[in-house]
Amino acid sequence: MAIEFEPITGKYFTLEVAGTSYRIYMEESGSGIPLLCLHTAGSDARQFRHILCDRDITSRFRVIAFDMPWHGKSNPPDHFHTTEYKLTVDGYKRIVTAFIAALGLDKPVVMGCSMGGRIVCHLALENPLQYRAMIALEGADNLSPYYDLDWLHRPDVHGGEIQAAFVSSQVAPQSPSHFRHETLWHYMQGGPGIFKGDLHFYWLDGDFDKVSGKIDTSLCPLYLMSGEYDCSCTPERMFATAKRIKGSKPILMEGMGHFPMSENPVLFKQYLLPVLADIADG
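So, here's what we can say about the structure. Just so we're clear, the structure is a prediction, and the values are computed from it rather than from any experiment. (Residues numbered from 1 in each chain as written. Predicted model: local features only at pLDDT ≥ 70, side-chain atom pairs only at ≥ 80, totals over all residues. Heavy atoms only, no water.)

Within the fold, Pro7 resides in the segment before strand S1 (9-17). Expressed as a C-alpha distance, the spacing of Pro7 and Glu28, which sit 21 residues apart in the sequence, is 8.5 Å. If we ignore the near neighbours within four places in the chain, the residues touching Pro7 are Glu28, Ser29, Leu52 and Cys53. (Helix = DSSP H or I, 4+ residues; strand = E, 2+ residues; numbered from the N terminus. Contact = heavy atoms within 4.5 Å.)

What follows covers the pattern of salt bridges. Within the structure shown, the criterion is met by 13 salt bridges. Asp56 is the partner of Lys269 in a salt bridge, and the nearest nitrogen-oxygen pair spans 2.7 Å. Of this pair, Lys269 sits in helix H10 (residues 265-281) while Asp56 sits in helix H2 (residues 55-58), placing them 213 residues apart in sequence. In this structure Lys269 comes out as partly exposed when scored by relative accessible area, which is 22%. According to the relative accessible area criterion, Asp56 is partly exposed, its value standing at 47%. (Salt bridge = Lys/Arg side-chain N within 4 Å of Asp/Glu carboxyl O. Buried < 20%, exposed > 50% of the residue type's maximum accessible area, 1.4 Å probe, protein only.)

On to the packing of helix H3 (residues 89-103) against helix H4 (residues 115-126). Geometrically, a packed helix pair is captured by the angle between its two axes and the distance between the axes. With their axes 10 Å apart at the nearest point, H3 and H4 run at an angle of 80 degrees to one another. In terms of orientation, H3 and H4 fall into the roughly perpendicular class. On H4, the residues touching Val89, Tyr92, Lys93, Val96 and Thr97 of H3 are Met115, Gly116, Ile119, His122, Leu123 and Glu126. Within the contact of H3 with H4, the residues separate by chemical class into 6 nonpolar, 3 polar and 2 charged. (Axes fitted to C-alpha atoms, helices over the stretch in contact; angles between N-to-C directions. Parallel < 35°, antiparallel > 145°, perpendicular 65-115°, else oblique. Nonpolar A, V, L, I, M, F, W, Y, C, P; charged D, E, K, R; others polar.)

This brings us to the packing of aromatic side chains. This model, assessed by the stated rule, comprises 9 aromatic pairs. Centroid distance Phe13 to Phe99: 5.8 Å. Interplanar angle 50 degrees. Geometry classified as tilted. Taken together, the positions of Phe13 in strand S1 and Phe99 in helix H3 put the pair 86 residues apart, joining distant regions of the chain. The class of Phe99 is buried, set by a relative accessible area of 0%. Between Trp70 and Phe80, the ring centres sit 6.0 Å apart and the planes meet at 90 degrees, which makes this aromatic pair edge-to-face. In this pair, Trp70 is assigned in the loop between strand S4 (61-66) and H3 and Phe80 in the loop between S4 and H3, connecting sequence segments 10 residues apart. Residue classification places Trp70 among the buried positions, given a relative accessible area of 17%. According to the relative accessible area criterion, Phe80 is partly exposed, its value standing at 41%. One aromatic cluster is present, formed by Phe13, Phe66 and Phe99 through successive ring pairs. Over the ring of Tyr12 we find Arg23, and its NZ or CZ is 3.9 Å from the ring centre. The ring of Tyr25 has Lys73 sitting right over it, with the charged end atom 4.8 Å from the ring centre. (Phe/Tyr/Trp six-rings, centres within 6.5 Å; stacked < 30°, edge-to-face > 60°. Lys NZ or Arg CZ within 6 Å of the ring centre and 35° of its normal.)

Structure (structure tokens):
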């Protein structure tokens with residue numbers, strides 16, 4: 001019986017960011033308009049495997065997803081054991097823009113989820129002409145912590161299991177069980193303290209509601225997509241963000257939670273394809 005390989009190419013390269021070298025793992029599939037996908041806090045680019053394998057998408061888009069430094073198959077920097085990982089707005093922007101420059105991506109569409117959904121808004125604010133469009137999945141300009149981050153990195157608690165337990169409440173009850181547990185499995189495999197370090201950006205350093213209204217959506221279209229069962233970046237926060245950003249396009253995804261691309265890819269596709277068509281034909 002012949003093996004049927006998935007149409008995904010994986011590769012490693014060294015990314016230079018502000019004087020620091022990172023060994024980065026990336027995957028890609030398809031051709032056409034670059035579509036760069038940014039994973040959630042504490043996880044990695046495996047969340048986008050369904051999009052990378054979908055011919056309806058890859059026939060028009062070159063889909064690219066990479067593991068952030070410290071995540072998945074990407075390495076932390078040298079001497080990582082002497083530092084505490086803590087993601088910041090500026091650090092995150094430098095990594096994404098350095099990745100785009102390294103691959104020579106011309107006006108990519110950037111689609112991020114959760115912390116990725118927040119950073120695309122920061123990028124659109126800073127340099128809108130560099131991007132064709134932004135898709136913020138589960139992203140808002142103002143969020144509030146709702147559990148104690150110290151539980152995520154302590155010697156008497158299994159970090160991976162507590163991470164999966166915390167985010168399990170953010171998956172919609174209708175999402176298929178096998179996709180739910182695959183999404184949680186990614187969280188069980190995160191490095192020590194990495195989810196906690198990501199949440200420094202997501203909850204503490206990423207708020208920008210005082211300036212988000214300056215995003216010029218005539219230069220960079222912005223789509224805000226939120227699952228109705230997301231208790232982290234709630235639909236209410238997404239709609240409040242959309243109200244502050246003139247011309248942004250809010251979309252409520254019924255039956256979805258915080259991880260649309262991995263927890264229920266079939267349902268997510270129904271919401272994503274019209275957005276991608278709007279971008280491609282715009």
